[in-house]
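What follows is the residue order along each chain.
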Amino acid sequence: QSNQFCEAGIGYGEVGCGISSSTKLLIKGGTVVNAHHQEVADVYVEDGIIVAVKPNLKVSDGVKVIDATGKFVMPGGIDPHTHLAMEFMGTETIDDFFSGQAAALAGGTTMHIDFVIPVNGSLIAGLETYEEKAKKSCMDYGFHMAITKFDDIVSRDMEIIVKEKGINSFKFFLAYKGSLMVNDELLLEGLKRCKSLGALAMVHAENGDAVFEGQKRMIELGITGPEGHALSRPPVLEGEATARAIRLAGFVNTPLYVVHVMSIDAMEEIAKARKSGSNPSAISHFLKASQNLSLGTLNRVVKCISIARFSLRHIGQRVVGEPVVSGLVLDDSGLWDSDFATASKYVMSPPIRASGHDKALQGALSNGVLQLVGTDHCVFNSTQKAFGIDDFRKIPNGVNGIEERMHLVWNTMVESGQISITDYVRVTSTEWYALTVTLRYARIFNIYPRKGAIIAGSDADIIILNPNSSFEINARSHHSRTDTNVYEGRRGKGKVEVTIAGGHVVWENNELKVVPGSGKYIEMPPFNYLFSGIDKADASYLSSLNAPVKRSKSTT
Ligand SMILES: NC(=O)NCCC(=O)O
Ligand SMILES: [Zn+2]
Ligand SMILES: [Zn+2]
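Residues numbered from 1 in each chain as written. Chains lettered and ligands numbered in written order. Predicted model: local features only at pLDDT ≥ 70, side-chain atom pairs only at ≥ 80, totals over all residues.

K.L.:
Before we go on, may I ask you to explain the overall build of the protein chain in this structure?
P.N.:
Helix and strand content of the protein chain: 17 helices and 21 strands. Put simply, the protein chain has 556 residues, and 53% of those count as buried. Long-range contacts, defined here as pairs at least 24 residues apart, represent 77% of the contacts in the protein chain between residues at least 6 apart. (Helix = DSSP H or I, 4+ residues; strand = E, 2+ residues; numbered from the N terminus. Buried ≥ 20, exposed ≤ 12 C-beta atoms within 10 Å, placed from the backbone. Contact = placed C-beta atoms within 7 Å.)

K.L.:
What exactly am I supposed to notice about the UniProt feature "modified residue: N6-carboxylysine" (unreviewed entry) in the protein chain here?
P.N.:
Residues annotated in UniProt with the feature "modified residue: N6-carboxylysine" (unreviewed entry) correspond here to K171. Summarising the element assignment, K171 is placed in strand β12 (residues 169–173). Those residues in contact with K171 that sit more than four places away from it in its chain are F115, H144, A146, M202, H204 and V259. (UniProt positions renumbered as here; feature names shortened; annotations may be inferred.)

K.L.:
I tried to follow helix α3 (residues 152–165) on my own but got confused; where do I start?
P.N.:
Owing to its 3.6 residues per turn, the α-helix aligns residues three or four sequence positions apart on the same side. With 14 residues, α3 should cover 20 Å at 1.5 Å per step; its first-to-last C-alpha distance of 19 Å lies within 8% of that length. Taken as a whole, α3 has its buried residues at V154, D157, M158, I161 and V162. Projected down its long axis, α3 shows its buried positions confined to an angular sector of 135 degrees, all on one face. Facing away from the buried side of α3 by more than 90 degrees, the exposed set consists of D152 and E164. After α3 finishes, the residue G166 shows a positive phi value of roughly 75 degrees. (Expected span 1.5 Å × (residues − 1). Arc of directions from axis to C-beta.)

K.L.:
Honestly, the site of ligand 1 in this entry has me stumped. Any pointers?
P.N.:
H83, H204, H260, M348, S349, D376, C378, N397 and G398 make up every residue found near ligand 1. Classifying every residue of the shell around ligand 1 gives 2 nonpolar, 6 polar and 1 charged. (Near = placed C-beta within 6 Å. Nonpolar A, V, L, I, M, F, W, Y, C, P; charged D, E, K, R; others polar.)

K.L.:
Explain the nonpolar core here, please?
P.N.:
The nonpolar side chains of soluble globular proteins are, as a tendency, buried together. Judged by nonpolar contacts, the single largest core of 148 residues is most densely connected at V43, V73, L105, A201 and V258. A total of 7 residues in this core trace back to one element, the largest contributor, which is helix α7 (residues 235–252). (Core = buried A, V, L, I, M, F, W, Y, C linked by C-beta atoms within 7 Å.)

K.L.:
Before we go on, may I ask you to explain the confidence of the model for the protein chain in this structure?
P.N.:
Detail in the predicted coordinates should be disregarded across regions flagged by low pLDDT. The pLDDT averaged across the protein chain works out to 89; a share of 87% of its residues lies at or above 70. Counting interchain partners and residues more than four positions distant, the pLDDT-below-50 stretch residues 280–314 has 40 contacts. Note that residues 433–442 has pLDDT below 50 and, in this model, 16 contacts with residues that lie over four places away or in other chains. The complex prediction reports pTM at 0.90, with the ipTM value standing at 0.99. (pLDDT = per-residue confidence, 0-100.)

K.L.:
Can you walk me through the environment of M111 in this structure?
P.N.:
Relative to the helices and strands, M111 is located in strand β10 (residues 109–116). Take M111: there are 29 C-beta atoms within 10 Å of it, and that puts it in the buried class. Through-space distance from the C-alpha of M111 to that of D461 is 8.4 Å; in sequence the pair is 350 residues apart.

K.L.:
What is the right way to look at the pairing of strand β7 (residues 77–82) in this model?
P.N.:
Side chains on a regular strand alternate between the two faces of the sheet. Within β7, 6 of the 6 residues are buried, which leaves the element mostly enclosed by the surrounding structure. Two elements, β7 and β10, share 4 bridges in a ladder whose sense is parallel. Bridge pairing in β10 links I78 to M111. (Pairing = 2+ DSSP bridges.)

K.L.:
Is there a simple way to explain unusual backbone geometry in this structure?
P.N.:
Here the bond from S349 into P350 is cis, since omega is -10 degrees, no more than 30 degrees from zero. Along the polypeptide, P350 turns up in the loop between α12 (340–344) and α13 (357–366). A cis amide bond links Y448 to the next residue, P449, at an omega of 5 degrees. A positive phi is found at D47, a non-glycine position, where the angle reads about 50 degrees. Mapped onto the elements, D47 comes out in the loop between β3 (38–46) and β4 (49–54). By the C-beta count within 10 Å, which is 10 here, D47 ends up exposed.

K.L.:
Any chance you could explain the packing of helix α2 (residues 123–133) against α3 here in plain terms?
P.N.:
In a packed pair of helices, the relevant descriptors are the angle between the two axes and the axis-to-axis distance. Where α2 contacts α3, the axes come no closer than 9 Å and their chain directions differ by 40 degrees. What the angle tells us is that α2 and α3 run oblique. Residue-level contacts link L123, I124 and L127 of α2 to V154, D157, M158, I161 and K165 of α3. Looking at the contact of α2 with α3 residue by residue, the classes come out as 6 nonpolar, no polar and 2 charged. (Axes fitted to C-alpha atoms, helices over the stretch in contact; angles between N-to-C directions. Parallel < 35°, antiparallel > 145°, perpendicular 65-115°, else oblique.)

K.L.:
Is there a simple way to explain the sheet that holds β7 in this structure?
P.N.:
Strand pairing in a sheet takes place through backbone hydrogen bonds and is either antiparallel or parallel in direction. Here we have 7 strands laid out as an open sheet, ordered β7-β10-β11-β12-β13-β14-β15, and parallel in their pairing. The sheet terminates laterally at β7 and β15 (319–321), the two strands that pair on one side only. Mean inter-strand twist for the sheet, computed between neighbouring axes without regard to direction, equals 25 degrees. Sheet topology places strand β14 (residues 256–258) next to β15; 3 bridges connect them, and they run parallel. Along β15, the bridge assignment pairs L256 with V319. Packing against the sheet, helix α1 (residues 99–106) makes contact with β7 and β10, and its axis sits at approximately 145 degrees to β10.

See below:
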């Protein structure tokens, strides 16, 4: 085991060298759970693909049999929000594409989507850098792309990224003034370009200018510790940016995905938009037109009302909200800890909020206002966090979660009865998205049913969770490279006992057996279901405008 990637606690093995060489697997007698259905059945896997899901399957000798009686057999988790090996705030996240993914597999996540950061604004250079970083992957992964500037080259490269590189989402940071932040003009250009390419626009929603002001205030008050981080960027700034991004996306009429929703303020904006379903351009036209009640305008008003009603009943503004585990299960008390190493490990943006926001976000996840759970796994060790010992603005932002997400969501949401087991699969893996009252569903990242399902033909990314077994989290035993854990000491019921990735058993008996280079890049096509009907809504809006009003020149 001289491989450079082999670390304490992580076994390294290749298929055929004594560790899980079987490419044929039978998982017997478990309850198979998909996002829409659960039943007791066996699952047969061959060469990385699920071949059959049926009760009482018979197989020949030489097939590895795993008894799952009394346990849940579910699709491996998909983490839609990670930052592995990301250069950020003068340093680099300590988990790379091997250690972060190994940790993920130990916690039942079998695919993640990481954010490519452009190099000097160049998307292609950024992607090349990330392709290199990802060569050591031991599980499947995809990419989102951040947009940090906008010009003709970026616009052209966005098309290449979508059409040739398999990326279908772009993230705009409304915070991090002076580094990643974009202004409204750029956001608008980006939203229009996303719409034309069928790519999902994502936002980090905090008002970066106001955060900058808040930080100055704290420093002037002499508040330089980690608590200053939370105090400088209160929920109102997250709510404002979320509302702004939602309205601009509505104005352009393109779907929007709000990453790491951390506050009631942001969540309520999402709830309002999804409920109202109004196309703001249609509504503003309605208001304008209704001030002038000539016959012609009345005609237009009627048309606008019908557009708005159509929107209300059938569309809902297409906004997706992603809570992250830290926002769901933690409160901000840790930031006030007198020990800097303890307090600084909780620094992330938007900040972990005061008690109450966590419960509200759980409620929003259970009632469908928020749709899928990420982690924003972005890990720095205590030496890196200490860069900000005298000034909270220099503490690298980010917390762990890639290994803990599946356990904490199970324990917090399923064990407490807030969501069903099928909903658990939906919010951690399948990412189905309830779009209308008629229950038409669609996947957000357009990779279903290859991923996120236990059905014949899907990739064999599977977990076996024992609801009667328990988990405990601590930095001593986790698989991330970081030396702290924001969930230190948490324990609960429901443990992922087996993880199968690409048909190989990679986690069993508390042991990891992972192979650098075995993970595959998953291309994600554009125009997911969120885009369906948008062209029709645009066309009917345009036709409602009629011809330009002809006016004679005034003589007075
Ligand atoms: N969230 C955070 O604190 N760090 C990662 C970068 C981001 O997603 O904003
Ligand atoms: Zn962010
Ligand atoms: Zn992030």
